[in-house]
Amino acid sequence: MSEPLNPDQPPTRARPSGAGSGELEASRRTIEPIPPGAVPVMEADHISKGFGATTALVDVSLKAYSGRILALLGDNGAGKSTLIKILSGVFPPDGGTLRFNGQDVVLRNPAEARERGIATVFQDLAVCELLSVTRNIVLGREPQKGFGPFKFLDLKKADAMARSALHQLGVRWERGLDEKGINISGGERQSLAIARAMFFGSSLLILDEPTSALAVRQAGKVLDHILTARDQGQAVILITHNFRHALSVADDITVLAQGRVAGHFRRDETDLDALTDLVARVG
Ligand SMILES: Nc1ncnc2c1ncn2[C@@H]1O[C@H](COP(=O)(O)OP(=O)(O)OP(=O)(O)O)[C@@H](O)[C@H]1O
Ligand SMILES: [Mg+2]
């Protein structure tokens, strides 16, 4: 994992006003510039991708840094999900390079991306409905007890890991950890998925539309958890259709239009009107 930016002088962090309880508003804070020479956790360099006759991405480059949230904006079909699938090892690009912590990487599958510390939360696949809260969090790294062929889940340890993951993210979980995924709300599912991603030491957290199906209050909570992930040094890429959400939490913004980069901005260099105009003009 690369060093957090400005470790001696943590920048003032924006929190969505009234997160978890009310209206989200763009903060007026100034965003720290990226220090010269800082190495991105993830860099996509001149990426292209087509599906048959459809050109999904052309010459797309972006950089995601530790301790910063990069919002990826764009209209339907702009290529956002295609790009994050490439960053998550779902499929390879046709052209271009990915660099992870400064090294060229080829991600052959999602498991390889996860092992490197790239955690992606897909909206519809965030949580297994039939598994408990605990099992959802420790999924794939279940602590075991017993010997030889008599190994089984160490539930006490698993519950403690789940509790610690939720605590680390600031999630107040008041129901049982044995509650099944099917019984928990969309917002809670996103929070659990983020807790799982963070607990296993990822350095890049990618979220595809985590707030799109949520009411204002739940969206505020999820955005707050995303800010917590950033404050703990993760690089975050947040895909959203909601420009207000992007402006309330992002440090950097990349706009995609018809598979191309329409602009890179620091959050305090742009505003809602400028972004809306840009997407209307080029989208
Ligand atoms: N597996 C696929 N096979 C064929 N075409 C695809 C595939 N995935 C995406 N596309 C096409 O690539 C283009 C970009 O799609 P993508 O899903 O990346 O857009 P998006 O920005 O995520 O859109 P949305 O905001 O609607 O989620 C679209 O024209 C889409 O139809
Ligand atoms: Mg998409």
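Residues numbered from 1 in each chain as written. Chains lettered and ligands numbered in written order. Predicted model: local features only at pLDDT ≥ 70, side-chain atom pairs only at ≥ 80, totals over all residues.

- The name recorded for the chain in an unreviewed UniProt entry is Simple sugar transport system ATP-binding protein, from Kaistia hirudinis.

Brief notes about the overall build of the chain
Part 1 of the argument: Along the chain, the regular secondary structure elements total 8 helices and 12 strands.
Part 2 of the argument: For the chain, the proportion of contacts with a sequence separation of at least 24, taken over those separated by at least 6, is 74%. (Helix = DSSP H or I, 4+ residues; strand = E, 2+ residues; numbered from the N terminus. Contact = placed C-beta atoms within 7 Å.)

Digging into the sheet that holds strand 5 (residues 103-105)
Part 1 of the argument: Read from one edge to the other, the open sheet built from 4 strands follows the order 2-1-4-5, with strand pairing classed as antiparallel. Pairing within the sheet leaves two strands with one partner each, and these edge strands are strand 2 (54-64) and strand 5. On average, each strand axis in the sheet is tilted by 30° relative to the strand beside it, whichever way the strands run.
Part 2 of the argument: In terms of strand pairing, strand 1 (residues 42-51) meets strand 4 (residues 95-100) through 5 bridges, oriented antiparallel. Bridge pairing links E43 to R99 in strand 4.
Part 3 of the argument: Across the sheet, helix 1 (residues 80-87) lies against strand 1, strand 2 and strand 4, angled at about 120° from strand 1, the strand it touches most. (Pairing = 2+ DSSP bridges. Axes fitted to C-alpha atoms, helices over the stretch in contact; angles between N-to-C directions.)

Description of helix 4 (residues 155-169)
Part 1 of the argument: Between the first and last C-alpha of helix 4 there are 21 Å, a value that for 15 residues agrees with the 21 Å anticipated at 1.5 Å per step.
Part 2 of the argument: Residues of helix 4 that are buried in the fold lie against helix 3 (133-138), strand 8 (152-153), helix 5 (186-199) and helix 6 (216-231).
Part 3 of the argument: A positive phi of about 80° marks G170, the residue just after helix 4. (Expected span 1.5 Å × (residues − 1).)

Some thoughts on helix 5
Part 1 of the argument: The end-to-end C-alpha separation of helix 5 is 20 Å, in line with the 20 Å expected for 14 residues at 1.5 Å each.
Part 2 of the argument: Of all 14 residues in helix 5, 11 are buried, a share of seventy percent or more.
Part 3 of the argument: All of the buried residues in helix 5 are G187, E188, R189, Q190, S191, L192, A193, I194, A195, R196 and A197.
Part 4 of the argument: Each element contacted by the buried residues of helix 5 is listed here: strand 6 (118-122), helix 3, helix 4, strand 9 (204-208) and helix 6.
Part 5 of the argument: Downstream of helix 5 by one or two residues, G201 has phi in the positive range, about 70°. (Buried ≥ 20, exposed ≤ 12 C-beta atoms within 10 Å, placed from the backbone.)

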